[in-house]
Amino acid sequence: MSHHFRTVGTELLVDAPIIAVRRDDVVMPGEVVAQREVVEHLGAVAVVALDENNRIAMVEQYRHSVGKRLWELPAGLLDVKGEDELSGAQRELQEEAGLAAEEWAVLTDLVTSPGFCEEAVRVFLARGLSSVPKLNAEGDEEADMGFAWVPLAEAVERILVGEIVNSIAVAGILAAYVCVRGDATPRPVDSPFELRPESIAHRRPGPDLKQL
């Protein structure tokens, strides 16, 4: 019989605008209690925006944790209390790429670092694109963000040679490539996002979940 892991105590260690850190007391096999630190996260969405020529809208953004500019998909936090994932994705696509889409589907859901972080991301496929006015960017990095249309096959090659390393972009691009080839079908946009983190949302009154 599989062991039932259960939490018997918890302590909030850090409470910052975008993340928090807690320490849980978890009952392990043999009824031993061990401590596990968990990085709480707001959750996020990302968009593979694919035009009629099978080019992907990509952005280049500075990421201080690795000290580099990374090529990524338009993406952002689920930082509005109660906002559904599709609305968040539509907002981010307009904000970062100046695009709207007529057709939406779910490509994949992923947990980026399950060893210590609850961050989960839903990646959408957007087609039937049109240009729209960009929304005002809120983050400092967005003020220096690059943009390019990258052919889907080229993006796959750039993953394999280590030029595209953002895990969300890697997962989204490869999932889109499989779907475009006809080897898989995306899910409907109303598919349950069961992995969406709720720890911060439950603790903060909102509506802006970044506000402490």
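The structure displayed is predicted, hence computed values, not measured ones.

### Considering helix H3 (residues 167–180)
For step 1, the next point in the chain: End to end, H3 covers 20 Å across 14 residues, agreeing with the expected 20 Å (1.5 Å per residue, within 8%).
For step 2, the next point in the chain: Along H3, the residues that are buried comprise Ile168, Ala169, Val170, Gly172, Ile173, Ala175, Ala176 and Cys179.
For step 3, the next point in the chain: Elements that come into contact with the buried residues of H3 comprise strand E4 (44–49), strand E5 (55–63), strand E6 (68–72), strand E8 (99–111), strand E9 (120–131) and helix H2 (152–160).
For step 4, the next point in the chain: The backbone nitrogen of Ile168 lies 2.9 Å from a side-chain oxygen of the residue at the head of H3, namely Asn166.

### With respect to the packing of aromatic side chains
For step 1, the next point in the chain: Tallied over the full model, the rule gives two aromatic pairs.
For step 2, the next point in the chain: With centroids separated by 6.0 Å and ring planes inclined at 80 degrees, the aromatic side chains of Trp104 and Phe124 adopt a geometry described as edge-to-face. With Trp104 in strand E8 and Phe124 in strand E9, this residue pair connects regions lying 20 residues apart in the sequence. Summarising the burial analysis for this pair, Trp104 and Phe124 share the class buried.
For step 3, the next point in the chain: Ring centres of Phe147 and Trp149 lie 5.7 Å apart, and the angle between their planes is 90 degrees; on these two criteria the pair is classed as edge-to-face.
For step 4, the next point in the chain: Take Phe147: its relative accessible area is 36%, and that puts it in the partly exposed class.
For step 5, the next point in the chain: By relative accessible area, Trp149 is classed as partly exposed at 29%.

### Some thoughts on the sheet that holds strand E2 (residues 19–28)
For step 1, the next point in the chain: The antiparallel open sheet is built from three strands, whose spatial order is E1-E2-E3. If you trace the sheet from one side to the other, it starts and ends with strand E1 (6–15) and strand E3 (32–41), each paired once. Between one strand axis and the next, the sheet turns by 20 degrees as a mean value, whatever way the strands run.
For step 2, the next point in the chain: Two elements, E2 and E3, share ten bridges in a ladder whose sense is antiparallel. Bridge assignment links Asp25 to a residue of E3, and that residue is Gln35.

### Re the pairing of E6
For step 1, the next point in the chain: Pairing geometry for E5 and E6, over five bridges, is antiparallel. By the bridge assignment for E6, Tyr62 is matched with Arg69.
For step 2, the next point in the chain: Counting the residues in the hairpin turn of E5 and E6 gives four residues, including Gly67, whose phi is positive at 65 degrees.

### Focus: unusual backbone geometry
The general pattern is negative phi for most residues beyond glycine and trans for most peptide bonds.
For step 1, the next point in the chain: In the segment running from Gly206 into Pro207, the intervening peptide bond is cis, with an omega of 10 degrees.
For step 2, the next point in the chain: Of note, Pro207 is situated in the segment after helix H4 (199–203).
For step 3, the next point in the chain: The phi angle at Glu31 is positive, at roughly 60 degrees, despite the residue not being glycine.
For step 4, the next point in the chain: Tracing the chain through its elements places Glu31 in the loop between E2 and E3.
For step 5, the next point in the chain: Of note, the phi angle at Asn54 is positive, near 60 degrees, even though the residue is not glycine.
For step 6, the next point in the chain: Tracing the sequence through the fold places Asn54 in the loop between E4 and E5.
For step 7, the next point in the chain: Among the residues examined, Asn54 registers a relative accessible area of 27% and is labelled partly exposed.

Calculation rules
Residues numbered from 1 in each chain as written. Predicted model: local features only at pLDDT ≥ 70, side-chain atom pairs only at ≥ 80, totals over all residues. Heavy atoms only, no water. Helix = DSSP H or I, 4+ residues; strand = E, 2+ residues; numbered from the N terminus. Expected span 1.5 Å × (residues − 1). Buried < 20%, exposed > 50% of the residue type's maximum accessible area, 1.4 Å probe, protein only. Contact = heavy atoms within 4.5 Å. Polar contact = N/O pair within 3.5 Å; in protein donor to acceptor, adjacent residues only side chain to side chain. Phe/Tyr/Trp six-rings, centres within 6.5 Å; stacked < 30°, edge-to-face > 60°. Pairing = 2+ DSSP bridges. Axes fitted to C-alpha atoms, helices over the stretch in contact; angles between N-to-C directions.

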